[in-house]
Amino acid sequence: MSTDETKATAPVEATNDEVAHTEQSEDVDTDEAVDAAEPDPKPEPDPNVVKVTLNGREIEARKGELIIAAAERHDTYIPHFCYHSRMKSVGMCRQCLVETDTGRGPQVTVSCMVPVAPDMKIETESPMAKRMQEGVLELLLANHPLDCPVCDKGGECPLQDQAFSHGPGESRYVEEKRHYEKPIPISDLVLLDRERCILCDRCTRFADEVAGDKLIHFTQRGNETQVMTFPDEPFASYFSGNTVQICPVGALTAEPYRFKARPWDLTAEESTCTSCSVGCRVVVQSSRDEILRYQGVDSDPVNHGWLCDRGRFDFEAVNSDLRLTDPMVKTEAGLANTSWNRALGASARLIGDALAAGGPDSIGLLGGARGTNEDAFAWAQLADALGIIYRDAQFGDGLPASILGLDRATIDEAASASTVVLLGADIKEELPVLYLRLREAATDGGSALVEFSSVDTGLTRYARHTVRHQPGLQADEVARHAELLAGDDVVIVVGRPNLAESPDETMATLAAILELNPNAKVLPALRRGNVVGALSVGMAPADDDHDGLATLRAAAEGKLELLILLGADPLNDCPDTNLARRALAGARRVISIDTHLSESTQLADVVLAAAAYGEKAGTTTNIEGRVSVVADKVTTTGTARPDWMIATELSLLLDFDGDIADVSTVADVTAAIASQVAGFAGVTPDALSADPNGVLAEVVPAPLSPVERHGRQRNNYDHRLVVGRKLYDRAIGTAMSHSIAKLAPGAAVHLHPLDIDALGATVGDDVKLIGAQANAILPIVADPAVPRGIVWAPFNQGGSVIENLIDATAWVTDVKIEVV
C-alpha cells in the first residue's frame, strides 16, 4: 500500500492538533513519495548507435558502419582480401560474403560494401556463409601457384592463412594454371609476380586514392586481367612500398627485403621513424641481430599506417659497411681507430684547451636533430655547464626556433581544417606522409588548400587557390588575398620554401597572415627528423647572433677554438656551402659525433662513433610536438655508443656536477627532460608506455621577432634562384642505403621551356649560372612547373654546385644564365 493510501485511512477520532500534525506530515510525506515514485529520466538514446545481432549476440554498431568493420570491432573476424579500413570499399574479392536478415529473409551480403541496419541479423559462420567463403577461396586458388616455400609472403600471407582457416581443404581444379614471366621489376624497389595476383585492387586503389600516383592499374580483360604499369612508365611513386605491405599475397615484393628472412625468423619492436619530422609509427624487424625491414603501424593521429619509401628502406644505412665502429683520432696519416678512453680523453682535453684559450664563447655546438630527445638534452646540459651560447640544431636551412612558440596545430587538426594555408616547402618532397594527410583532406575531407609558392609543388593540383609570387616578395601577396585567409578554422603549414632566400621573408609572410587572422594555428613543416625535439630540449639558440649561421660565421672568422658537430654535416646540410667550408677550415679543432664518415666528419680531429637508429632507445618529437618512443632493436655496431652516454661521460671527465652527470639509463634522461624542460612535464616514461601513439608536449608561448624586409623586384635580365629539397638526396641515411641512393635525381637546373628557347639553348645543354659570389655550370631541364624568370634547382645532389651560389646573408639570389 502506498504512503498516500496509508494516510487516507487515518482514524477520524484524532484531535485537532493531531489532525493538523497529520495533515502536515501528509504534505511532507506526499512530496517524498512523489520524489520516490518518479523514476530517473532515461538517457536519450544515441542516434549514432545501431543495434544488430552478430552470430546470435546483440552488439552496438555505429550508424553507417560497414558490417565487416562492426564485426571486427566486436572481435569477430570476417575473412577478406580487398577490404582495407583506410581505403574505399570495392567488393572485389567476395571473400567477405556473409548471411544477413533485415526482416525480409536471409540474403547473401558483401560485408565490406553494406552498412549495418537496425535489427539486422548477421551470420558469419552459418553453413551458407562457410560454403560461400570456401567457394571463393577455391576460385582464387585455381590459378594461384602453390609456391609458398619460396614466396616472401609465406608465413604472413592472408591467402595462406585463410586457405587453412576458411578454405575447402582441397581443390577440384586439375587444369594447368596460368603462367606469366616472373618476377618483373615495376620500379627500382618493387617486383611484380602476376601469377600470384588475386586482383584484389588494393595496390591500384592505394596508388590512386591515397598516393595520387596512378602509375599501376588493371590491364586486359576477363581471365587475362592483370596488374601492370603503363609502358615505359615505372611505378616511380614515393609510396610504392606501402603496396607491398598491404598486398594480401606475394604478388608485390620489395627488392631490399626479398629472400632475406622468413616472418617467423623476425623479431619486432614498435618504434618511430626519424627519417623526417612527421614521426610515423613503425615496426622495426630484425633477424640474427640485423635490421631487415620496417613496416608501417596504423597510428590514427599521425600516419594511418603509411610510410614513404625513404623512411621504409633507409634501414640499409644502419647495416652499411661504412658505419663507424670505433672512435677515431687524427694522426699524421689521417683518422685512425682508437679506444674510447683515448678518444674521450682527447675530447675532454680539446674542450678544456678551448675554455682556457677563449672561454665558453670560443666553442660552438651544432646538431642534435638526427638523434633522440635524450641525446639533444644531454648535450644541451653539457653546453649549459660549459657556458656555450653558440648552439643550434639548424644550419640556416630551417626557420627560427620562435616558430615553435606559436599556437600549434596537430596533424589531425591540419587534416580536418576548413582552410589549410600552404606557406613554404614542397610537402610531398620534405614530409611525404603529411602530404598524404593533406591530400586526403583536400580530396575527401572538403578542406580548402590555399598555396603560396614560387613554383608548382606536389599539392598544387589539389589546391583550391594557388598564389604564385617571385621569391623574396611572398609577404606582398598576403594583403592581396586576405579573403582567402579568413575563417575560424584555419591552419598554416609553414616551412622553408627556398634555401636561396632568407627565412625572414617566410616569417614576415607568416606574421602578416597571423595579423589578418590571429586565430589561425600553425604547423611548422621543419624537415630534419628530430629538429623540433632538439630545439625544444635545449639546442635552440639564445638569439639570432648565436644561431647555426652565426656559429659557422664565428668559426669562419677564426673566433671558435672548438666546433662540436652532433650528427651534423654542415658541408651538406648548410645551404651556404662556401660558409660551411670556411667554418670547418677556420675552427681550430673539430669534434664530430656521428654514425658514418660524412664529408664534415672526415675533417674532424676526434670522431666519436654514435649508435644509429634501431640501436638506441629514447624518444623523438614530431612537428606537432608529439613525443613518441624510439626502440633499440639490435646491438650497436662495433663499440658505438648513444650520444647521450657520450655527453654524460664527458661531463664526468670534465668534473661537472649536475643532473646529466648522475644519469645511468636512458629512462633517467627521459625523466630529467620531464622534470626540467618546459612543456614536457606530462611526457614521463609511464605516460609514454601507456600510449603507443605518443604524448603531446605543451607549447611554450613565444612571440615572433619583428622582421625588417628587404624584398626587391627582379631585374628583367636575371633569373631568380629557387633551391628546394627532393625526397632523395645525399643525406647520410639515403646515401648509405644502396636501394634508394640511386633514386636521387642528380644535379640540374630547371627552367620554363620558353625561357630555354629565349636563351637559345636545348634541353640537356650545360649552362653557366653567374651569381654574386660564384658561378656554377649545370645541365638544363625543361620544366613547365617553373614560372618564367625563375630557375629551380634541387639541393644536395651528387655533382651539384648550385650551393656555391647561395649567400646566407642575402635576401634573395639572382643569377645570370649563359649557354656554355
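Residues numbered from 1 in each chain as written. Predicted model: local features only at pLDDT ≥ 70, side-chain atom pairs only at ≥ 80, totals over all residues. Heavy atoms only, no water.

### Overview of the overall build of the protein
Looking only at helices and strands, the protein has 26 helices and 34 strands in total. Each principal axis of the C-alpha atoms in the protein carries an extent, and together these give about 115 × 95 × 60 Å. The buried share of the protein, taken over its 820 residues, is 56%. Looking at the protein alone, contacts between residues at least 24 apart form 72% of all its contacts between residues at least 6 apart. Per element, the accessible surface of the protein, about 34,500 Å² overall, is 50% carbon and sulfur. Averaging the coordinates of the 72 positive side-chain charges in the protein and doing the same for the 123 negative ones gives two points 9 Å apart. (Helix = DSSP H or I, 4+ residues; strand = E, 2+ residues; numbered from the N terminus. Buried < 20%, exposed > 50% of the residue type's maximum accessible area, 1.4 Å probe, protein only. Contact = heavy atoms within 4.5 Å. Areas by Shrake-Rupley, 256 points an atom, 1.4 Å probe, with all protein chains shown as cover. Lys, Arg positive; Asp, Glu negative; His and termini not counted. Charge placed at Lys NZ, Arg CZ, Asp CG, Glu CD.)

### Brief notes about a negative patch on the surface
The grouping of Asp46, Glu58, Glu60 and Asp119 at the surface amounts to a negative patch. Tracing the backbone shows Glu58 in strand 2 (residues 57–62). (Patch = residues over 30% accessible without salt bridge, like charges linked within 9 Å, V, L, I, M, F, W, Y side chains within 5 Å. Salt bridge = Lys/Arg side-chain N within 4 Å of Asp/Glu carboxyl O.)

### So, the nonpolar core
Membership of the largest hydrophobic core comes to 103 residues, with the highest contact counts inside it found for Val278, Leu434 and Val493. Setting aside chain neighbours within four positions, we find Val493 in contact with Val420, Val421, Leu422, Leu423, Ile427, Leu434, Leu438, Leu523 and Ala525. Counting 100 residues, the second-largest nonpolar core is a separate cluster that includes Leu510, Leu552, Ala583 and Val606. (Core = buried A, V, L, I, M, F, W, Y, C linked by side-chain atoms within 4.5 Å.)

### Points about the packing of helix 10 (residues 373–386) against helix 20 (residues 643–653)
Packing of helix 10 against helix 20 brings their axes to within 7 Å, and their N-to-C directions diverge by 20°. As summarised for this structure, helix 10 and helix 20 are arranged roughly parallel, according to the angle between their axes. Between helix 10 and helix 20 lies a crossing of left-handed hand. Counted together, Glu374, Asp375, Ala378, Trp379 and Leu382 of helix 10 and Asp643, Trp644, Ile646, Ala647, Leu650 and Ser651 of helix 20 form the full contact between these two elements. In terms of residue class, the contact of helix 10 with helix 20 is made up of seven nonpolar, one polar and three charged. (Axes fitted to C-alpha atoms, helices over the stretch in contact; angles between N-to-C directions. Parallel < 35°, antiparallel > 145°, perpendicular 65-115°, else oblique. Left-handed = near helix turned anticlockwise from the far one by under 90°. Nonpolar A, V, L, I, M, F, W, Y, C, P; charged D, E, K, R; others polar.)

### Notes on the sheet that holds strand 26 (residues 618–621)
The three strands lie next to each other as 26-27-28, forming an open sheet whose pairing is antiparallel. This sheet does not close on itself; its edge strands, each paired only once, are strand 26 and strand 28 (695–696). As defined by bridge partners, strand 26 adjoins strand 27 (residues 626–630) across four bridges and the pair is classed as antiparallel. Counterpart to Gly618 in the pairing with strand 27 is Val630. (Pairing = 2+ DSSP bridges.)

### Quick look at the pattern of salt bridges
Counted by the stated rule, this structure contains 41 salt bridges. Between Arg86 and Asp300 there is a salt bridge; the shortest N-O distance is 2.9 Å. In this pair, Arg86 sits in the loop between helix 3 (67–73) and strand 3 (97–101) while Asp300 sits in the loop between strand 13 (290–296) and helix 8 (309–313), placing the two residues 214 residues apart along the sequence. The class of Arg86 is partly exposed, set by a relative accessible area of 24%. The shortest N-O distance in the salt bridge between Arg323 and Glu615 comes to 3.0 Å. Residue Arg323 is located in the loop between helix 8 and strand 14 (328–331), and its partner Glu615 is located in the loop between strand 25 (606–609) and strand 26; the two are separated by 292 residues in the primary sequence. Comparing Arg323 with Glu615 shows no difference in burial state: the two are buried.

### Examining helix 19 (residues 577–586)
Turning to helix 19, its buried residues are Thr577, Leu579, Ala580, Ala583 and Leu584. Angularly, the buried residues of helix 19 cover 155° about the axis, an arc narrow enough to put them on a single face. In this structure, the buried side of helix 19 is in contact with helix 17 (548–556), strand 23 (562–566), helix 18 (570–573) and strand 24 (589–594). (Arc of directions from axis to C-beta.)

### Things to note about the pairing of strand 3
Judged by how many residues are buried, strand 3 sits mostly within the fold: four of five residues are covered. Judged from the five bridges that link them, strand 3 and strand 4 (residues 106–110) form a sheet pairing that is antiparallel. Paired with Val98 across the bridge in strand 4 is Thr109. The hairpin turn running from strand 3 into strand 4, its antiparallel successor, is four residues long, and Gly103 in that turn takes a positive phi close to 110°.

### A short note on the state of the cysteines
Summed over all chains, the structure comprises zero disulfides. In this model Cys82 remains outside any disulfide bridge; the closest cysteine sulfur is found in Cys93, 3.7 Å from its own. (Disulfide = S-S within 2.5 Å.)

### Some words on the environment of Ser651
With respect to the helices and strands, the residue Ser651 is situated in helix 20. Residues Ser651 and Trp379 lie 272 residues apart in sequence; the distance between their C-alpha atoms is 9.5 Å. With residues up to four places along the chain from it excluded, the contact list for Ser651 reads Leu382, Phe656, Ile660 and Ala661.

### Focus: the environment of Asp298
With respect to the helices and strands, the residue Asp298 is situated in the loop between strand 13 and helix 8. A residue is classified by how much of its surface remains accessible, and Asp298, at 41% relative accessible area, is partly exposed. Of note is the side chain of Asp298, whose polar atom sits 2.8 Å from the side chain of Arg86. (Polar contact = N/O pair within 3.5 Å; in protein donor to acceptor, adjacent residues only side chain to side chain.)

### Comments concerning the packing of aromatic side chains
Taken as a whole and judged by the stated rule, the model has five aromatic pairs. Taking the centre distance of 6.1 Å and the plane angle of 10° together, the rings of Phe239 and Tyr435 count as stacked. Linking Phe239 in the loop between strand 9 (226–229) and helix 7 (240–246) with Tyr435 in helix 13 (residues 432–443), this pair joins segments that are 196 residues apart in sequence. By the burial criterion, Phe239 is buried, and Tyr435 matches it. An aromatic cluster is defined as three or more aromatic residues linked by ring pairs; in this entry it consists of Tyr294, Phe315 and Tyr613. The lysine or arginine in question, Lys428, covers the ring of Tyr238, its NZ or CZ lying 6.0 Å from the ring centre. (Phe/Tyr/Trp six-rings, centres within 6.5 Å; stacked < 30°, edge-to-face > 60°. Lys NZ or Arg CZ within 6 Å of the ring centre and 35° of its normal.)

### Overview of helix 22 (residues 666–676)
Restricting attention to buried positions, one finds in helix 22 the residues Val669, Thr670, Ala672, Ile673 and Ala674. Each element contacted by the buried residues of helix 22 is listed here: helix 10, helix 16 (531–539), strand 26, helix 20 and helix 23 (685–690).

### Some details on the sheet that holds strand 21 (residues 490–494)
Read from one edge to the other, the open sheet built from five strands follows the order 20-19-18-21-22, with strand pairing classed as parallel. Two strands lie at the open edges of the sheet, namely strand 20 (465–468) and strand 22 (521–524), each paired on one side alone. In this sheet, neighbouring strand axes are inclined to one another by 15° on average, regardless of whether the strands run parallel or antiparallel. In this structure, strand 18 (residues 419–423) lies alongside strand 21, joined through five bridges in parallel fashion. By the bridge assignment for strand 21, Leu422 is matched with Val493.

### Examining the confidence of the model for the protein
On average, residues of the protein carry a pLDDT of 92, and 95% of them reach 70 or more. Contacts of residues 1–35 to residues separated by more than four positions or lying in other chains number eight contacts, the stretch itself having pLDDT below 50. (pLDDT = per-residue confidence, 0-100.)

### Some remarks on the side chain of Asp147
Within the secondary structure layout, Asp147 lies in the loop between helix 4 (127–140) and helix 5 (158–166). The buried category is assigned to Asp147, whose relative accessible area is 12%.

### Remarks on the packing of helix 17 against helix 19
Interhelical geometry of helix 17 versus helix 19 gives an angle of 55° and a closest axis separation of 7 Å. Taken together, the axis directions place helix 17 and helix 19 in an arrangement best described as oblique. As for the relative orientation of helix 17 and helix 19, their crossing is left-handed in sense. For the pair formed by helix 17 and helix 19, the contact residues are Leu549, Leu552, Arg553, Ala555 and Ala556 on the first element and Leu579, Arg582, Ala583 and Gly586 on the second. Residues that form the contact of helix 17 with helix 19 fall into these classes: six nonpolar, one polar and two charged.

### Points about unusual backbone geometry
With an omega of -20°, the peptide bond running from Lys182 to Pro183 counts as cis. Position of Pro183 relative to the elements: it lies in the loop between helix 5 and strand 6 (184–185). Although it is not a glycine, Asn796 adopts a positive phi angle of roughly 60°. If you trace the backbone, Asn796 turns up in the loop between strand 33 (790–794) and strand 34 (814–819).

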